[in-house]
Amino acid sequence: MYLTVGEHSVRHIRRVVRSLLHEWELPGLVFAVELGVGELVTNVVRHVPDRRCTLVVARRTAAVRAEVTDGHALLPRLRPDVDEESEGGRGLALLDAVVDKWGVSPGVGGGKTVWFECGFPDAVHPVAEA
């Protein structure tokens, strides 16, 4: 999905993600994926000058993967030293706390892709017994 995002876009994108996860019968992942996508899109709103990005949410064999790609070269970083009175800087720490894995890949032409994955709950993807 190609987007130009604004301050109110995150709320609408979260609704789309929630709907998609319910359609896939993965309600146990709604909180993490919705929060993760919301944080990544918020970073585009705050830090990408043209506010353009691509959002992909994909169901994989054992996980849901989300990717947000933009044309801005500045790579995000986890900031462990955020002042407790600060209103920003906690997005990647929140992402790190609720998803199974995440990362940043430099893109072609100077942009980047920030991605994360959330594994299926055991009830959805049972482990085979030995």
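These figures come from a predicted structure and were not determined experimentally.

Enquirer: Any chance you could break down the environment of V48 for me, citing the residues and the numbers?
Expert: Turning to its location among the elements, V48 is positioned in the loop between α2 (30–47) and β2 (52–59). Judged by relative accessible area, V48 falls into the buried class, the value being 5%. Along the backbone, V48 and H72 are 24 residues apart, and their C-alpha atoms lie at a distance of 5.8 Å. Other than its neighbours up to four places away in sequence, V48 contacts N43, D70 and H72.

Enquirer: Would you mind going over the sheet that holds strand β3 (residues 63–70) in detail, with residue names and values included?
Expert: What the five strands build is an open sheet, ordered β1-β2-β3-β5-β4; its pairing is antiparallel. The open sheet has two edge strands, β1 (2–4) and β4 (101–106), and neither has a second partner. Taking the axes of each pair of neighbouring strands and ignoring which way they run, one obtains an average angle of 20 degrees across the sheet. As defined by bridge partners, β3 adjoins strand β5 (residues 112–119) across eight bridges and the pair is classed as antiparallel. Counted as the bridge partner of D70 is K112 from β5. Against the sheet, α2 makes contact with β2, β3 and β5, and its axis sits at roughly 170 degrees relative to β5, the strand it touches most.

Enquirer: Tell me about the packing of α2 against helix α3 (residues 91–98), residues and numbers included.
Expert: At their nearest, the axes of α2 and α3 sit 10 Å apart, and the two run at 160 degrees to each other. Between α2 and α3, the crossing angle belongs to the class labelled roughly antiparallel. Helix-helix and strand crossings are classified by hand; for α2 and α3 the assignment is left-handed. Between α2 and α3, the contacting residues are F31, A32, L35, G36, E39, L40 and N43 on the first element and G91, L92, L94, L95 and V98 on the second.

What counts as what
Counting from 1, residues in each chain are numbered in the order their sequence is written. Given that the model is predicted, a residue must reach a pLDDT of at least 70 before its local features are reported, and side-chain atom pairs must reach 80 or more before they are shown or counted; all residues, however, enter totals for whole chains, interfaces and linings. Only heavy atoms go into the side-chain values, all of them from the structure, while hydrogens and water stay out. Secondary structure is summarised from DSSP: a helix means a run of H or I of at least four residues, a strand means a run of E of at least two, and numbering begins at the N terminus for each. Buried means the residue's accessible area, taken with a 1.4 Å probe over protein chains only, is under 20% of the maximum for its type, while exposed means over 50%, and partly exposed covers the values in between. The contact definition used throughout considers only heavy atoms, calling two residues in contact when any of these lie within 4.5 Å. DSSP-based pairing: two strands are paired if at least 2 bridges between them are found. An axis is simply a line fitted to the C-alpha atoms; with a helix, the fit covers only the stretch in contact. Between two such axes, the angle follows the N-to-C directions and lies from 0 to 180 degrees. Here is the rule for angles: anything less than 35 degrees is roughly parallel, anything more than 145 is roughly antiparallel, 65 through 115 is roughly perpendicular, and the remaining ranges are oblique. For any pair of crossing helices, the crossing counts as left-handed if the nearer helix is rotated counterclockwise from the farther one by less than a right angle, and right-handed if it is rotated clockwise.

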